[in-house]
Amino acid sequence: MSNPVDFKNVSTAGVESSPVAEALAGLRANEARYFMNKYKHEFKVVPASESQETLQYVNRILKEERNLEFAAKPLETSSFQVENIKWTFVFYEDGLGINVMYTIDNPKKRAVGFKLSEGMEVPKELEGKFKFATQKSKLAGTIRGSFFVIKGEYE
């Protein structure tokens, strides 16, 4: 069952087991606000336990592109297409948010993004492999982010 993410009244529902639940909920709400403002798309999440296909898709890209496997427990996912871009998100218990931006008709515009919730450490899987930029968010505080370009095909 999918749940719309409210970016006006931020709720920790679905991510309450995270040690940084407030910041992770803010990060998720920040994504919801972005998609509403840019695409008029309502951002919805599904419990990770109900979205194995989505998790397998993201895990396959991480493993094949960068040999990455995360130990943290996935809590929620989101997968949808707006315009010509397939978007996939996974929000993890440790506060990590991963998104896959897969432009259908342009292989040069495909990437995996990592966002770290305020208050979380850099996951050991990413330490020393990525440089993180910071951005301020009214909903999420300070978000640290990085990304890599996808080279393979993952339809």
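All values derive from a computational prediction rather than experimental measurement.

Reading the values: the criteria
Residues numbered from 1 in each chain as written. Predicted model: local features only at pLDDT ≥ 70, side-chain atom pairs only at ≥ 80, totals over all residues. Heavy atoms only, no water. Core = buried A, V, L, I, M, F, W, Y, C linked by side-chain atoms within 4.5 Å. Buried < 20%, exposed > 50% of the residue type's maximum accessible area, 1.4 Å probe, protein only. Helix = DSSP H or I, 4+ residues; strand = E, 2+ residues; numbered from the N terminus. Contact = heavy atoms within 4.5 Å. Pairing = 2+ DSSP bridges. Salt bridge = Lys/Arg side-chain N within 4 Å of Asp/Glu carboxyl O. Expected span 1.5 Å × (residues − 1). Arc of directions from axis to C-beta.

J.: Just checking my understanding: could you explain the nonpolar core for this structure?
T.: In a soluble, globular protein the nonpolar side chains are often hidden away together inside. Counting residues in each nonpolar core, the largest one holds 24 residues, and the members touching the most others are Leu62, Phe70, Leu96, Ile98, Val112 and Phe114. Counting only elements with at least two residues in this core, the list comes to α2 (52-66), β4 (85-92), β5 (96-103) and β6 (110-116). Looking at this core element by element, the count peaks at 5 residues for α2. Look past the residues within four positions of phenylalanine 70 in its chain and what remains in contact with it is Leu62, Tyr92, Leu96, Ile98, Phe114, Pro123, Glu125 and Leu126. Within the second largest apolar cluster, 21 residues are counted, among which are Val15, Tyr39, Leu75 and Ile143.

J.: Hey, could you run me through the pairing of β5 in this one?
T.: Walk down a regular strand and you will see the side chains alternate between the two sheet faces. Judged by how many residues are buried, β5 sits mostly within the fold: 7 of 8 residues are covered. Strand direction decides the pairing type here: β4 and β5, joined by 7 bridges, are antiparallel. Note on β5: the bridge partner recorded for valine 90 is isoleucine 98. Adjacent in sequence and paired antiparallel, β4 and β5 are bridged by 3 residues, among which glycine 95 carries a positive phi angle near 110 degrees. Counted between consecutive antiparallel strands, the loop separating β5 from β6 contains 6 residues.

J.: I would appreciate a short explanation of the pattern of salt bridges in the present structure.
T.: It is possible for side chains bearing opposite charge to pair when their charged atoms get close. Under the defined criterion, the tally for this structure stands at 7 salt bridges. The closest approach of N and O atoms between glutamate 31 and lysine 115, which form a salt bridge, is 2.9 Å. Of this pair, glutamate 31 sits in helix α1 (residues 21-39) while lysine 115 is found in strand β6, placing the two residues 84 residues apart along the sequence. For the pair shown, glutamate 31 and lysine 115 are each scored as buried. Salt-bridge contacts for arginine 110 lead to glutamate 153; the nearest nitrogen and oxygen are separated by 3.2 Å. Taken as a pair, arginine 110 in strand β6 and glutamate 153 in the segment after β8 (141-149) lie far apart in primary sequence, 43 residues in all.

J.: So what exactly am I meant to see when it comes to α2 here?
T.: In an α-helix there are 3.6 residues to a turn, and that puts residues three or four apart on one side. In this model α2 runs 21 Å from its N-terminal to its C-terminal C-alpha over 15 residues, within 8% of the 21 Å that 1.5 Å per residue would give. The complete set of buried residues in α2 reads Thr54, Leu55, Tyr57, Val58, Ile61, Leu62 and Glu65. Buried residues along α2 cover an arc of 160 degrees about the axis, so they all sit on one side. Those residues of α2 that are exposed and angled more than 90 degrees off the buried face are Glu53 and Gln56. Turning to α2, the residues buried within the fold contact β3 (74-82), β4, β5, β6 and β8. Looking one or two places after α2, you find asparagine 67, whose phi comes out positive at around 55 degrees.

J.: What is the right way to read the side chain of serine 18 from this model?
T.: Mapping serine 18 onto the fold places it in the loop between β1 (3-4) and α1. Look past the residues within four positions of serine 18 in its chain and what remains in contact with it is Leu24, Leu75, Glu93, Asp94 and Gly95.

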